[in-house]
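Here's the letter readout for the chains.
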Amino acid sequence: MTRKQRRMTIIGGSLAVLALAAALVLNALRDSIVFFSTPTMVAEKHVAPGKRFRLGGLVQPGSLQRGDNLAVTFEVADGGAKLPVAYKGILPDLFREGQGVVAEGALDANGVFKADTVLAKHDETYMPKDVADALKKQGHWKDDYGAQASGGSKPSGDAKPAATTAQGNPQGAVR
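Residues numbered from 1 in each chain as written. Predicted model: local features only at pLDDT ≥ 70, side-chain atom pairs only at ≥ 80, totals over all residues. Heavy atoms only, no water.

Draft legend 1. Inspection of the side chain of D108 at higher detail. Tracing the backbone shows D108 in the loop between β5 (100-107) and β6 (113-120). Within the structure, the side chain of D108 is placed 3.1 Å from the backbone nitrogen of G111, a separation counted as a polar contact. (Helix = DSSP H or I, 4+ residues; strand = E, 2+ residues; numbered from the N terminus. Polar contact = N/O pair within 3.5 Å; in protein donor to acceptor, adjacent residues only side chain to side chain.)

Draft legend 2. Region of the structure containing the nonpolar core. Ranked by size, the top nonpolar core spans 19 residues in total, and within it L55, F74, F113 and V118 carry the most contacts. Of all elements in the fold, only β1 (52-59), β3 (71-77), β4 (82-88), β5 and β6 reach the threshold of two or more residues within this core. Once residues lying within four places of it in the same chain are set aside, the contact partners of L55 are F36, S37, T38, P39, V42, V76, L83, V85, V101, V102, A103 and F113. F36, V102, V131 and L135 belong to the second-largest nonpolar core, a separate cluster that totals 5 residues. (Core = buried A, V, L, I, M, F, W, Y, C linked by side-chain atoms within 4.5 Å. Buried < 20%, exposed > 50% of the residue type's maximum accessible area, 1.4 Å probe, protein only. Contact = heavy atoms within 4.5 Å.)

Draft legend 3. Broad picture of a positive patch on the surface. The grouping of R3, K4, R6 and R7 at the surface amounts to a positive patch. Examined against the element boundaries, R7 turns out to sit in helix α1 (residues 3-28). (Patch = residues over 30% accessible without salt bridge, like charges linked within 9 Å, V, L, I, M, F, W, Y side chains within 5 Å. Areas by Shrake-Rupley, 256 points an atom, 1.4 Å probe, with all protein chains shown as cover. Salt bridge = Lys/Arg side-chain N within 4 Å of Asp/Glu carboxyl O. Lys, Arg positive; Asp, Glu negative; His and termini not counted. Charge placed at Lys NZ, Arg CZ, Asp CG, Glu CD.)

Draft legend 4. Layout of the confidence of the model for the chain. On average, the chain scores 78 in pLDDT, and the residues at 70 or more come to 74%. Confidence, expressed as mean pLDDT per element, reaches its minimum in the chain at helix α4 (residues 144-149) with 50 and its maximum at β4 with 94. Considering only residues more than four positions removed or in separate chains, one finds that residues 148-175, a stretch of pLDDT under 50, has 33 contacts. (pLDDT = per-residue confidence, 0-100.)

Draft legend 5. Molecular detail of the pattern of salt bridges. What the rule picks out here adds up to 3 salt bridges. A salt bridge links D116 to R52; its shortest N-O distance comes to 2.6 Å. Remark: R52 occurs in strand β1 and D116 occurs in strand β6; sequence separation between them is 64 residues. Notably, a salt bridge pairs R54 with E104, separated by 3.7 Å at the nearest N-O pair. Of this pair, R54 sits in strand β1 while E104 sits in strand β5; the two residues are 50 residues apart in sequence, bridging distant segments of the chain.

Draft legend 6. View of the environment of N110. Residue placement: N110 occurs in the loop between β5 and β6. Taking C-alpha positions, N110 is 8.5 Å from P49, a pair spaced 61 residues apart along the chain.

Draft legend 7. Representation of helix α3 (residues 129-137) within the structure. What α3 keeps buried is the set V131, A132, A134 and L135. End-on view of α3: buried residues confined to an arc of 160°, all on one side of the axis. Of the residues one or two after α3, G139 is the one with positive phi, at around 80°. (Arc of directions from axis to C-beta.)

Quick look at the structure:
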(Lines give C-alpha, C1' and ligand atoms only; values in the text may rest on other atoms or scores of the structure.)
Protein backbone atom coordinates (compact mmCIF):
# COMPACT_ATOMS: atom_id res chain seq x y z
CA MET A 1 0.00 0.00 0.00
CA THR A 2 1.20 3.42 -0.85
CA ARG A 3 1.20 6.27 1.62
CA LYS A 4 -1.82 7.87 -0.06
CA GLN A 5 -3.85 4.62 0.07
CA ARG A 6 -3.02 4.16 3.77
CA ARG A 7 -4.11 7.73 4.55
CA MET A 8 -7.40 7.28 2.63
CA THR A 9 -8.06 3.99 4.46
CA ILE A 10 -7.59 5.68 7.84
CA ILE A 11 -9.84 8.60 6.87
CA GLY A 12 -12.53 6.25 5.53
CA GLY A 13 -12.40 4.09 8.66
CA SER A 14 -12.64 7.17 10.88
CA LEU A 15 -15.68 8.44 8.99
CA ALA A 16 -17.36 5.03 9.29
CA VAL A 17 -16.78 4.94 13.07
CA LEU A 18 -18.09 8.52 13.39
CA ALA A 19 -21.22 7.67 11.37
CA LEU A 20 -21.86 4.60 13.51
CA ALA A 21 -21.49 6.63 16.73
CA ALA A 22 -23.90 9.31 15.44
CA ALA A 23 -26.45 6.64 14.44
CA LEU A 24 -26.27 5.03 17.90
CA VAL A 25 -26.75 8.39 19.67
CA LEU A 26 -29.70 9.38 17.48
CA ASN A 27 -31.32 5.97 17.97
CA ALA A 28 -30.97 6.25 21.76
CA LEU A 29 -32.47 9.75 21.80
CA ARG A 30 -35.28 8.93 19.35
CA ASP A 31 -38.11 9.17 21.94
CA SER A 32 -36.46 11.80 24.13
CA ILE A 33 -36.31 14.46 21.43
CA VAL A 34 -39.98 15.37 21.94
CA PHE A 35 -40.28 18.14 24.57
CA PHE A 36 -43.47 16.61 25.99
CA SER A 37 -46.32 14.28 25.13
CA THR A 38 -49.99 15.22 25.32
CA PRO A 39 -52.55 12.85 26.90
CA THR A 40 -53.74 11.89 23.40
CA MET A 41 -50.19 10.99 22.36
CA VAL A 42 -49.76 8.90 25.53
CA ALA A 43 -52.96 6.98 24.75
CA GLU A 44 -51.94 6.42 21.11
CA LYS A 45 -48.41 5.27 21.94
CA HIS A 46 -49.54 2.96 24.78
CA VAL A 47 -46.67 4.13 27.00
CA ALA A 48 -45.46 1.37 29.32
CA PRO A 49 -45.75 1.91 33.10
CA GLY A 50 -42.47 3.10 34.61
CA LYS A 51 -41.16 4.81 31.44
CA ARG A 52 -40.24 8.44 32.19
CA PHE A 53 -41.54 11.23 29.96
CA ARG A 54 -42.93 14.75 30.07
CA LEU A 55 -46.68 15.30 30.00
CA GLY A 56 -48.07 18.60 28.75
CA GLY A 57 -51.57 20.04 28.49
CA LEU A 58 -54.16 22.07 30.37
CA VAL A 59 -55.17 21.43 34.00
CA GLN A 60 -58.84 20.47 33.91
CA PRO A 61 -61.10 22.88 35.85
CA GLY A 62 -62.60 21.20 38.92
CA SER A 63 -60.04 18.38 38.97
CA LEU A 64 -57.56 19.80 41.51
CA GLN A 65 -57.69 18.00 44.87
CA ARG A 66 -55.26 18.69 47.69
CA GLY A 67 -54.41 15.99 50.24
CA ASP A 68 -52.19 15.61 53.28
CA ASN A 69 -48.44 16.27 53.27
CA LEU A 70 -48.43 18.38 50.08
CA ALA A 71 -50.06 15.60 48.03
CA VAL A 72 -52.14 16.88 45.12
CA THR A 73 -54.02 15.25 42.26
CA PHE A 74 -55.38 16.82 39.09
CA GLU A 75 -56.18 15.94 35.49
CA VAL A 76 -54.28 17.13 32.44
CA ALA A 77 -56.18 17.29 29.16
CA ASP A 78 -55.48 18.35 25.60
CA GLY A 79 -59.03 18.41 24.30
CA GLY A 80 -58.98 14.80 23.13
CA ALA A 81 -57.98 12.84 26.23
CA LYS A 82 -57.46 13.27 29.97
CA LEU A 83 -54.77 11.79 32.18
CA PRO A 84 -54.85 11.84 36.00
CA VAL A 85 -51.71 13.21 37.65
CA ALA A 86 -50.50 12.66 41.22
CA TYR A 87 -47.80 14.93 42.66
CA LYS A 88 -46.29 15.35 46.10
CA GLY A 89 -44.53 18.63 46.70
CA ILE A 90 -44.95 22.36 46.43
CA LEU A 91 -46.72 23.46 43.25
CA PRO A 92 -45.50 26.55 41.38
CA ASP A 93 -47.15 29.80 42.49
CA LEU A 94 -48.80 30.25 39.09
CA PHE A 95 -50.28 26.74 38.96
CA ARG A 96 -54.07 27.01 38.45
CA GLU A 97 -56.93 25.08 36.91
CA GLY A 98 -57.42 25.86 33.24
CA GLN A 99 -53.75 26.80 32.80
CA GLY A 100 -51.00 25.07 30.82
CA VAL A 101 -48.69 22.70 32.65
CA VAL A 102 -45.78 20.38 31.89
CA ALA A 103 -45.10 17.56 34.37
CA GLU A 104 -42.18 15.13 34.42
CA GLY A 105 -42.57 11.58 35.72
CA ALA A 106 -43.90 8.16 34.78
CA LEU A 107 -47.16 6.24 34.56
CA ASP A 108 -47.92 3.73 37.31
CA ALA A 109 -49.69 0.38 36.84
CA ASN A 110 -53.11 2.03 37.36
CA GLY A 111 -52.61 4.56 34.54
CA VAL A 112 -51.97 7.51 36.89
CA PHE A 113 -49.08 9.79 35.95
CA LYS A 114 -46.81 10.09 39.02
CA ALA A 115 -45.08 13.43 38.59
CA ASP A 116 -41.87 14.38 40.36
CA THR A 117 -41.68 17.85 38.76
CA VAL A 118 -44.50 20.23 37.77
CA LEU A 119 -43.89 23.36 35.69
CA ALA A 120 -46.54 26.04 35.15
CA LYS A 121 -46.63 28.88 32.66
CA HIS A 122 -45.68 32.31 33.94
CA ASP A 123 -48.69 34.43 32.98
CA GLU A 124 -52.25 34.22 31.70
CA THR A 125 -51.51 34.49 28.00
CA TYR A 126 -48.28 32.56 27.58
CA MET A 127 -48.55 29.12 26.02
CA PRO A 128 -45.66 26.97 24.80
CA LYS A 129 -45.60 26.80 21.01
CA ASP A 130 -45.96 22.99 21.08
CA VAL A 131 -49.13 23.20 23.23
CA ALA A 132 -50.59 25.88 20.94
CA ASP A 133 -49.80 23.79 17.86
CA ALA A 134 -51.38 20.70 19.45
CA LEU A 135 -54.54 22.67 20.32
CA LYS A 136 -54.73 24.11 16.78
CA LYS A 137 -54.26 20.65 15.27
CA GLN A 138 -57.10 19.23 17.36
CA GLY A 139 -59.44 22.15 16.68
CA HIS A 140 -59.49 23.48 20.27
CA TRP A 141 -57.62 26.71 19.57
CA LYS A 142 -59.48 29.90 20.53
CA ASP A 143 -58.86 32.94 18.37
CA ASP A 144 -58.78 35.21 21.44
CA TYR A 145 -55.60 33.58 22.90
CA GLY A 146 -53.39 36.02 21.00
CA ALA A 147 -55.75 38.96 21.50
CA GLN A 148 -55.61 38.70 25.32
CA ALA A 149 -51.93 39.60 25.36
CA SER A 150 -52.45 42.88 23.54
CA GLY A 151 -55.61 43.95 25.34
CA GLY A 152 -57.94 42.77 22.61
CA SER A 153 -56.33 44.67 19.75
CA LYS A 154 -54.66 42.95 16.87
CA PRO A 155 -50.95 43.65 16.35
CA SER A 156 -50.05 45.79 13.37
CA GLY A 157 -48.33 44.24 10.40
CA ASP A 158 -45.24 46.42 11.01
CA ALA A 159 -44.59 45.04 14.49
CA LYS A 160 -41.64 42.68 14.69
CA PRO A 161 -41.22 40.29 17.60
CA ALA A 162 -38.15 40.74 19.77
CA ALA A 163 -35.87 37.83 20.56
CA THR A 164 -37.10 37.93 24.16
CA THR A 165 -39.62 40.09 25.99
CA ALA A 166 -39.10 42.02 29.20
CA GLN A 167 -40.29 38.98 31.17
CA GLY A 168 -37.77 36.74 29.39
CA ASN A 169 -40.22 34.88 27.13
CA PRO A 170 -38.54 32.90 24.37
CA GLN A 171 -39.18 34.10 20.86
CA GLY A 172 -41.11 30.93 20.00
CA ALA A 173 -43.67 31.59 22.74
CA VAL A 174 -47.23 32.16 21.60
CA ARG A 175 -48.66 35.38 23.00
